[in-house]
Amino acid sequence: MTKPIYVLNGPNLNLLGTREPEIYGHETLDDIRDSLIETAADRRIDFRQTNFEGELVTWVQEASREGAALILNAGAYTHTSIALHDALRACTVPIIEVHLSNPAGREAFRQTNYVAPAAAATIAGLGARGYHFALDAAIRMTA
Ligand code: DQA
C-alpha cells in the first residue's frame, strides 16, 4: 500500500479559527484537515497537531520511516528548535514547509528559521490554501 503523506502541525495551531484571525484566517485546523483529505483522493493523509516539541520530533522520525512525504507547519518551533532541525536533517522523505502567514514579513524573532534549510520547499503567506499547494507538490514528488 502507498505510504501516507504526513501533515504535522506544531504549537498553537489547534487554535486556528479563533487565534488572531486577521493573521491566520478563519478556517480551523479541522477544516484544513477535512479539505486536504477530500482533495487527496486515493492518497492517505496522516494529519496531526501537537503543542509539544519532543512529540513533534518523534513524529518527524516516524514520518521518515513510515511516510511518503512530510508537510510541516512547525509554528513557533520553526524559529527556535534545533532538535526539530536535527530531526528534519535526518528525515529521508521530501519535506515541504508551510506557514499560513509570511514570517519573512513579520517580527525580527521570526526571521530565524530552523525548518527551511532541511525542506525541499517553503510555502508561506497563502493562508490555508498553502496546505493544498503543499499537498499537490507532495503528491507530484512521490507519484
Ligand atoms: C506560523 C508562523 C509562525 O511564526 C507562528 O509562530 C505560528 C504560525 C504560520 O503558519 O504562519 O504559530 O507557522
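The paragraphs below set out a description of the structure included in this document. These numbers come from a predicted model, not from an experiment.

Close contacts around the ligand come from Arg19, Tyr24, Asn73, Gly75, Ala76, His79, His99, Leu100, Ser101 and Arg110, and that covers them all. Side-chain polar atom of Asn73 to an oxygen atom of the ligand: 2.8 Å apart, as the coordinates give it. Here an oxygen atom of the ligand sits 2.9 Å away from a polar atom, N or O, in the side chain of Arg110. Expressed as a share of its isolated accessible area of 320 Å², the protein-covered part of the ligand is 99%. Tallied by class, the residues present in the shell around the ligand amount to three nonpolar, five polar and two charged.

Read across the sheet, five strands follow the order β2-β1-β3-β4-β5 without closing on themselves; strand pairing throughout is parallel. Edge positions in the sheet fall to β2 (45–49) and β5 (121–124), since each of these pairs with one other strand and no more. When the angles between neighbouring strand axes are averaged without regard to direction, this sheet yields 15°. With five bridges joining them, strand β1 (residues 5–9) and β2 adopt parallel strand pairing. Within β2, the residue paired with Tyr6 across the bridge is Asp46.

The rules behind each value
Residues numbered from 1 in each chain as written. Predicted model: local features only at pLDDT ≥ 70, side-chain atom pairs only at ≥ 80, totals over all residues. Heavy atoms only, no water. Near = heavy atom within 4 Å. Polar contact = N/O pair within 3.5 Å; in protein donor to acceptor, adjacent residues only side chain to side chain. Areas by Shrake-Rupley, 256 points an atom, 1.4 Å probe, with all protein chains shown as cover. Nonpolar A, V, L, I, M, F, W, Y, C, P; charged D, E, K, R; others polar. Pairing = 2+ DSSP bridges. Helix = DSSP H or I, 4+ residues; strand = E, 2+ residues; numbered from the N terminus. Axes fitted to C-alpha atoms, helices over the stretch in contact; angles between N-to-C directions.

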